[in-house]
Amino acid sequence: MYELSALGFGPFFEQQLPSSDRLELIPARIAAEHRGVYEVWSTEGSGRAQLAGRLRRELEDAGPPGVGDWTVVKDAPDPHHTTVIERVLSRRTVFTRGAAGRETRAQVVAANVDLVFAVCGLDADFNVHRIERYLARIWASGAQPAVILNKADLCEDLGGRLAEVESHCVGVPVYVTSALRSEGLDAVRACVHDGLTVALVGSSGAGKSTLVNALLGEDRMRTGEVRATDGRGCHVTTHRQLVLLPAGGLLLDTPGMRELQLVDEDGLGDVFGDIAALASRCRYRDCHHETEPGCAVIEAVESGELAADRLAHYRKLEREAQAFALRHDDRKRRKAERVWGQLSDEVAQLRKWKGGKP
Ligand SMILES: Nc1nc2c(ncn2[C@@H]2O[C@H](COP(=O)(O)OP(=O)(O)OP(=O)(O)O)[C@@H](O)[C@H]2O)c(=O)[nH]1
Ligand SMILES: [Mg+2]
Ligand SMILES: [Zn+2]
């Protein structure tokens, strides 16, 4: 049994329930998902749940709910029955990624999270540009961003790495840990208050599940070896899972992502706040910071205030986000064209038929 507030429920969600039958409704939080079957937690207990058929159809465009979402279920969840999800409440925050394959929707990684840690190993897998990518998606989610540099025990130049990350991630708290040796965990633990939901994202092998276990004080999540050559993990965690910490607060462990695709430009301005600030001083409001006169960004590069490769990387991410949006519009356009194509084929057939030809 849980307290609703301990599960992260609050006024934002309560207001979405009609006051007349607020007392009868059973709010439940999605704690995990396994191919369309959800694990939900409520004050009445926990158990499996499935979407009501009507809801499944209603959500065809918006997409199914994800881990962290608040729902209203029909019967109190229990371990022996599968209850029905009747409603999904609006989200306070949502961390999404570009879905793999032909899926046109962004995939929900973590819903209603307050804080998201971008976890990166201080081993051969360390990559500051990847951290920036994660931070852009975290800013876009509406949650607070933070960075965990894990595997400090494997790092020979901790000061150097830390300075590098801090210079790229201005205004974002950076924590250094060794989950293996239980070092630096108190500062991380202090971020996870009662009622708060905190997600861990990052590439496979960064040590997200090891961190969750260390914070939990028991080996509940499965962890796995990384390749010695490049520090890459072998995708041990396969589903997103909420866990409740004994002292309060919820952690969301997520599977390592092969590549975090930017789906829009949201959050880029936050990660590259220095460039955004410079851009506001350009002579032209629609300045592309290429050859325009009075461009404060180019001037900053020329004076050495802004590193050229930082600008180049910002541009790369911007192009990538724009390309994703375009590709998806393209897909929508092609789908529409297919429908029209079929229609005009049918019209042509009809004409032929009317003309008495076979
Ligand atoms: N040396 C060292 N190894 C660590 C540390 N934290 C985790 N590891 C090791 O890194 C490997 C991967 O850890 P996991 O916790 O499974 O990584 P993960 O981020 O959950 O990976 P996925 O579930 O695949 O996304 C394991 O062998 C851990 O023991 C650390 O602080 N130092
Ligand atoms: Mg894991
Ligand atoms: Zn400019």
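Owing to the predicted nature of the structure, the values given are computational and were not obtained by experimental measurement. Position numbers for residues start from 1 in each chain and track the written sequence from start to end. Naming scheme: in the order in which they are written, chains are lettered from A and ligands are numbered from 1. Reporting in this predicted model follows two pLDDT cut-offs: at least 70 for local features of residues, and 80 or more for side-chain atom pairs to be given and counted; totals over whole chains, interfaces and linings ignore these cut-offs and use all residues. Excluding hydrogens and water, the side-chain figures rest on all heavy atoms present in the structure.

## Regarding the coordination of the magnesium ion (ligand 2)
Working step 1: For Na, K and Ca the donor cut-off is 3.2 Å, while for other metals it is 2.8 Å, and in both cases only N, O and S atoms qualify; water is not among them, so sites may look incomplete. Looking at the magnesium ion (ligand 2), the protein donor atoms are Ser 209 (OG) and Thr 237 (OG1), and they sit 2.0 to 2.1 Å from it. Placement of the pair is Ser 209 in helix 6 (residues 208–216) and Thr 237 in the loop between helix 6 and strand 12 (241–244), with a sequence separation of 28 residues. Here Ser 209 matches Thr 237 in class, with each residue buried. Starting at the N terminus, helices and strands are each numbered in turn, a helix being any DSSP run of H or I of at least four residues and a strand any DSSP run of E of at least two. Burial classes: relative accessible area under 20% of the type maximum marks a residue as buried, over 50% as exposed, and values in between as partly exposed (1.4 Å probe, protein chains only).

## Some words on the site of ligand 1
Working step 1: For this purpose, a residue is taken to be near a molecule or strand whenever a single non-hydrogen atom of the residue falls within 4 Å of it. In the vicinity of ligand 1, 24 residues are found, and the nearest of them are Asp 153, Ser 204, Thr 210, Thr 237 and Gly 256.
Working step 2: Here an oxygen atom of ligand 1 sits 3.2 Å away from a polar atom, N or O, in the main chain of Leu 180.
Working step 3: Polar contacts, as used here, are pairs of N or O atoms within 3.5 Å; protein pairs need one atom able to donate a hydrogen and one able to accept it. Residues neighboring in sequence count only if both atoms are side-chain atoms. Measuring from an oxygen atom of ligand 1, one finds a side-chain N or O atom of Lys 208 at 2.8 Å.
Working step 4: Calculation of accessible area relied on Shrake-Rupley with a 1.4 Å probe; when residues are assessed, cover is drawn exclusively from the protein chains displayed. Bound to the protein, ligand 1 loses 92% of the 650 Å² it would expose on its own.
Working step 5: The element contributing the most residues to the shell around ligand 1 is helix 6, with three residues.
Working step 6: Among the residues making up the shell around ligand 1, the classes are represented as seven nonpolar, 13 polar and four charged. Three categories are distinguished: nonpolar for Ala, Val, Leu, Ile, Met, Phe, Trp, Tyr, Cys and Pro, charged for Asp, Glu, Lys and Arg, and polar for the others, with Gly belonging to the last.

## Quick word on the pairing of strand 1 (residues 26–34)
Working step 1: With seven of nine residues buried, strand 1 lies mostly within the body of the structure.
Working step 2: Across four bridges, the pairing between strand 1 and strand 4 (residues 70–73) is antiparallel. Residue pairing for strand 4: Ile 26 is matched across the bridge by Val 73.
Working step 3: By this definition, two strands are paired if DSSP reports at least two bridges between them. Here strand 1 runs beside strand 2 (residues 37–42); their pairing, made up of five bridges, is antiparallel. Paired with Arg 29 across the strands is Trp 41, a residue of strand 2.
Working step 4: The turn joining strand 1 and strand 2, which pair antiparallel and follow one another in sequence, is formed by two residues; a positive phi near 45° is taken by Arg 35.

## So, the coordination of the zinc ion (ligand 3)
Working step 1: With distances of 2.1 to 2.4 Å, the protein atoms coordinating the zinc ion (ligand 3) are Cys 282 (SG), Cys 287 (SG), His 289 (ND1) and Cys 295 (SG).
Working step 2: Between the four donor atoms coordinating the zinc ion (ligand 3), the angles at the centre fall across 103 to 117°, so the site counts as tetrahedral.
Working step 3: Read from N- to C-terminus, the donor residues coordinating the zinc ion (ligand 3) fall into the pattern C-x4-C-x1-H-x5-C.
Working step 4: Owing to a relative accessible area of 9%, Cys 287 belongs among the buried residues under this scheme.
Working step 5: We classify Cys 295 as buried; its relative accessible area is 2%. In this scheme the shape depends on donor count and angles: four donors with every angle between 85 and 135 degrees give tetrahedral, four or six donors with opposite pairs above 155 degrees and others between 65 and 115 give square planar or octahedral in turn, and any other case is irregular.

## Topic: the nonpolar core
Working step 1: We define the nonpolar core as a collection of buried residues of types Ala, Val, Leu, Ile, Met, Phe, Trp, Tyr and Cys that are connected through side-chain atoms lying within 4.5 Å of one another. Core analysis: the largest hydrophobic core is formed by 70 residues, its most contacted members being Ile 85, Phe 95, Ile 131, Leu 149 and Val 165.
Working step 2: Here this core takes six residues from helix 3 (residues 128–141), the largest share from any one element.
Working step 3: When near neighbours in sequence (up to four residues on either side) are disregarded, Phe 95 contacts Gln 107, Val 108, Val 109, Ala 110, Tyr 134, Arg 137, Ile 138, Ser 141, Val 201, Met 257 and Leu 260.
Working step 4: Among the nonpolar cores identified, the runner-up in size contains 22 residues, and Val 192, Val 198, Leu 211 and Leu 216 belong to it. Should any heavy atoms of two residues lie within 4.5 Å, those residues are considered in contact.

## Observations regarding helix 3
Three or four residues apart is the spacing at which side chains of an α-helix point the same way, because the helix has 3.6 residues per turn.
Working step 1: Expected helix span is taken as 1.5 Å per residue step, with the number of steps being one fewer than the number of residues. The first and last C-alpha atoms of helix 3 sit 20 Å apart over 14 residues, in line with the 20 Å expected at 1.5 Å per residue.
Working step 2: Counting buried positions along helix 3 gives ten out of 14 residues, so the element sits mostly inside the fold.
Working step 3: Listed as buried for helix 3 are Val 128, Ile 131, Glu 132, Arg 133, Tyr 134, Leu 135, Ala 136, Arg 137, Ile 138 and Ser 141.
Working step 4: Just downstream of helix 3, Gly 142 is the residue with a positive phi angle, here 95°.

## Considering the packing of helix 3 against helix 4 (residues 158–168)
Working step 1: Only the stretch in contact is used when fitting a helix axis, every axis being a line fitted to C-alpha atoms; angles between N-to-C directions are given from 0 to 180 degrees. One can describe the packing of helix 3 onto helix 4 by two numbers: an axis separation of 10 Å at closest approach and a directional angle of 35°. As for the relative orientation of helix 3 and helix 4, their crossing is right-handed in sense. When helix 3 is examined against helix 4, the residues Val 128, His 129, Ile 131 and Glu 132 are found in contact with a partner set consisting of Glu 164, Val 165 and His 168. Crossing handedness is read from the near helix: turned anticlockwise from the far helix by less than a right angle, it gives a left-handed crossing, and turned clockwise, a right-handed one.

## Notes on helix 9 (residues 296–303)
Working step 1: Buried within helix 9 are the following residues: Ala 296, Val 297 and Ala 300. What you see down the axis of helix 9 is that its buried residues fit within an arc of 105°, all on one side.
Working step 2: Following helix 9 by one or two positions, Gly 304 adopts a phi angle in the positive range, close to 90°. By arc we mean the arc of the directions from the helix axis to the C-beta atoms, nothing more.

## Notes on the environment of Asp 266
Working step 1: Along the chain, Asp 266 turns up in the loop between strand 13 (250–253) and helix 7 (268–271).
Working step 2: C-alpha separation for the pair Asp 266 and Ala 136, spaced 130 residues apart in sequence, amounts to 7.0 Å.
Working step 3: Ignoring anything within four residues of it in the chain, the contact list for Asp 266 reads Ala 136, Arg 137 and Ala 140.

## Considerations on the packing of aromatic side chains
Working step 1: Note on aromatic pairs: the rings of Phe, Tyr and Trp (six-membered ring only in Trp) are paired at centre separations within 6.5 Å, and the planes decide the class, stacked below 30 degrees, edge-to-face beyond 60, tilted for the rest. Summed over all chains, the structure comprises six aromatic pairs.
Working step 2: Ring centres 5.2 Å apart and planes at 85° place the aromatic pair Phe 12 and Phe 13 in the edge-to-face group.
Working step 3: On the basis of relative accessible area, Phe 12 is assigned to the partly exposed category, the value being 34%.
Working step 4: Each residue in the set Phe 9, Phe 12, Phe 13 and Trp 70 is aromatic and connected to the rest through ring pairs, giving one cluster.

In short, geometric facts, not functional conclusions.
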